[in-house]
Amino acid sequence: MKKSIVLNQSSAGQKIIGALKTFLKNISPFNNRTDMPSALLVLKKVFAFYLCYWAGIFLAEGLVIGGLFACGKNFLRGEMFSDDVMTLIKLYGMIVVIAVSVLYWKLIEKRKLSEMGVTKKFSGWFIGAAAGILLLIVSVSAIMVTGTIKFDGVSPAINITLLLLMFGGYIVQGAAEEFLSRGVVFHGLKGKVSLPVAVGANAIVFTLPHLSTLGGSEPQFIISGVINLAVISCLFSFITLRTKSIWAACGLHSLWNFCLSCVLGLNLSGSEGSTSVINMHTEGANLLNGSIYGIEASIITNAVIAAAAVLLWYSYKKDNTERQA
């Protein structure tokens, strides 16, 4: 009897260990398996996102530290370049994140870049860029009507060189986030789980890394900021679906960030830019202007982005219906 109990316990233990091994193998980002329940596949892509993100950041920071030492700067003693140079290094350093994302897709996922949304239709980037500028103009204009954003005039001394370098940096930075979110995660899930699940999972992985920038804000701005991050992630996903590539999302993302910070001179995700074409400032701290976090925590911006996302979704659905007819 005792021997039977021991054998049963041993068998149960082996089953638990076997189930655990299968679970860990399924969610491991180091294989290209997709034959698993949707929940596990989503979890796997979340891990893949963070693997690429942190590997890219780690490698990029290693290169920066090596570069500082090569230039005679000891970062351990706080010796750095100017704030503008360090900002540019941070932006252009995201090239490493793009490289890691592409390598992961090719070597681990073993899939073509076109399946990641990296198509030859680069013209989509300009469509997205135009959409980003339009959405920004509508959002800021609507907030200005409320009197909570003021125009202070054109900057007296515009540093054209720095402005152009910032433009290039934001192109890289926007693309890096899209290669991770719309590339590795969204295209990794698209066609393997339901579309709402793919879009929702993508919104989560896009929002999580941005939470640190909301940390110093008051609760109402944190809530509004999180909602905006989730909604704009859906917008990026829908424009990716509509244009059948990630280039439009890259263009929208980059031009929104660049124009908000370097053209209008407003805070970008809580950060104040160092150079801009014109000067604007928020009047008071409220949900209309997003306070110190900027218009990305504004309920007006939320409404504008949500409306654009809905329009894109219906446009995508209509296009799909016509194709199937």
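Read on for an overview of the structure. Because the structure is predicted, anything quoted here is derived from the model rather than measured.

**Re the overall build of the chain**
- Summing up its helical and strand segments, the chain has eleven helices and two strands in all.
- Ordered by position in the sequence, the α and β elements of the chain form the string α-α-α-α-α-β-α-α-α-α-α-β-α.
- Reported as C-alpha extents along the three principal axes, the dimensions of the chain are approximately 90 × 65 × 45 Å.
- Out of the 325 residues in the chain, the part that is buried amounts to 45%.
- At a minimum sequence separation of 6, the contacts of the chain that also span at least 24 residues come to 73%.

**Observations regarding unusual backbone geometry**
- Residues other than glycine seldom take positive phi values, yet Lys244 does so here, at roughly 60°.
- By the secondary structure assignment, Lys244 is in the loop between helix H9 (219-243) and helix H10 (247-263).
- Note on Lys244: relative accessible area 43%, which makes it partly exposed.

**Here's the deal with the nonpolar core**
- In terms of nonpolar packing, the biggest core is built from 86 residues, with Phe179, Leu235 and Ile295 touching the most fellow members.
- The biggest single contributor to this core is helix H6 (residues 160-189), with 13 residues.
- Once residues within four sequence positions are removed from consideration, Leu235 is found in contact with Leu135, Leu252, Ile305, Ala308, Ala309 and Leu312.

**Structural notes on the packing of helix H7 (residues 195-207) against H9**
- Where H7 meets H9, the closest approach of the two axes is 9 Å, and the angle between their N-to-C directions is 130°. Compared by their axis directions, H7 and H9 come out oblique. H9 is crossed by H7, and the crossing has right-handed handedness. For the pair H7 and H9, contact is made by Leu195, Val199, Asn202, Ala203, Phe206 and Thr207 and by Val226, Leu229, Ala230, Ile232, Ser233, Cys234, Phe236, Ser237, Phe238 and Leu241, respectively.
- Its residues placed into classes, the contact of H7 with H9 shows twelve nonpolar, four polar and no charged.

**Some words on H10**
- Most of H10 sits out of view: 16 of its 17 residues are buried.
- At the exit of H10 stands Gly265, carrying a positive phi of roughly 75°.

**Looking at the environment of Ile292**
- Here Ile292 is to be found in the loop between strand S2 (278-282) and helix H11 (299-324).
- Each C-alpha atom, one on Ile292 and one on Asn267, is 6.9 Å from the other, the two residues being 25 residues apart in sequence.
- Apart from residues lying up to four places away in sequence, Ile292 is in contact with Asn267 and Gly270.

**Considerations on the pattern of salt bridges**
- Counted under the stated rule, the structure contains six salt bridges.
- Between Arg33 and Asp35 there is a salt bridge, and its shortest N-O distance comes to 3.5 Å.
- The class of Arg33 is partly exposed, set by a relative accessible area of 29%.
- Between Glu178 and Arg182 there is a salt bridge whose closest N-O contact spans 2.7 Å. Of the two residues, Glu178 and Arg182 are both situated in helix H6; the distance of four residues between them amounts to about one turn of the helix.
- Linked through salt bridges whose partners overlap, the residues forming this network are Arg242, Lys244 and Asp319.

Here is what the cut-offs are and how they apply
- Residues numbered from 1 in each chain as written.
- Predicted model: local features only at pLDDT ≥ 70, side-chain atom pairs only at ≥ 80, totals over all residues.
- Heavy atoms only, no water.
- Helix = DSSP H or I, 4+ residues; strand = E, 2+ residues; numbered from the N terminus.
- Buried < 20%, exposed > 50% of the residue type's maximum accessible area, 1.4 Å probe, protein only.
- Contact = heavy atoms within 4.5 Å.
- Core = buried A, V, L, I, M, F, W, Y, C linked by side-chain atoms within 4.5 Å.
- Axes fitted to C-alpha atoms, helices over the stretch in contact; angles between N-to-C directions.
- Parallel < 35°, antiparallel > 145°, perpendicular 65-115°, else oblique.
- Left-handed = near helix turned anticlockwise from the far one by under 90°.
- Nonpolar A, V, L, I, M, F, W, Y, C, P; charged D, E, K, R; others polar.
- Salt bridge = Lys/Arg side-chain N within 4 Å of Asp/Glu carboxyl O.

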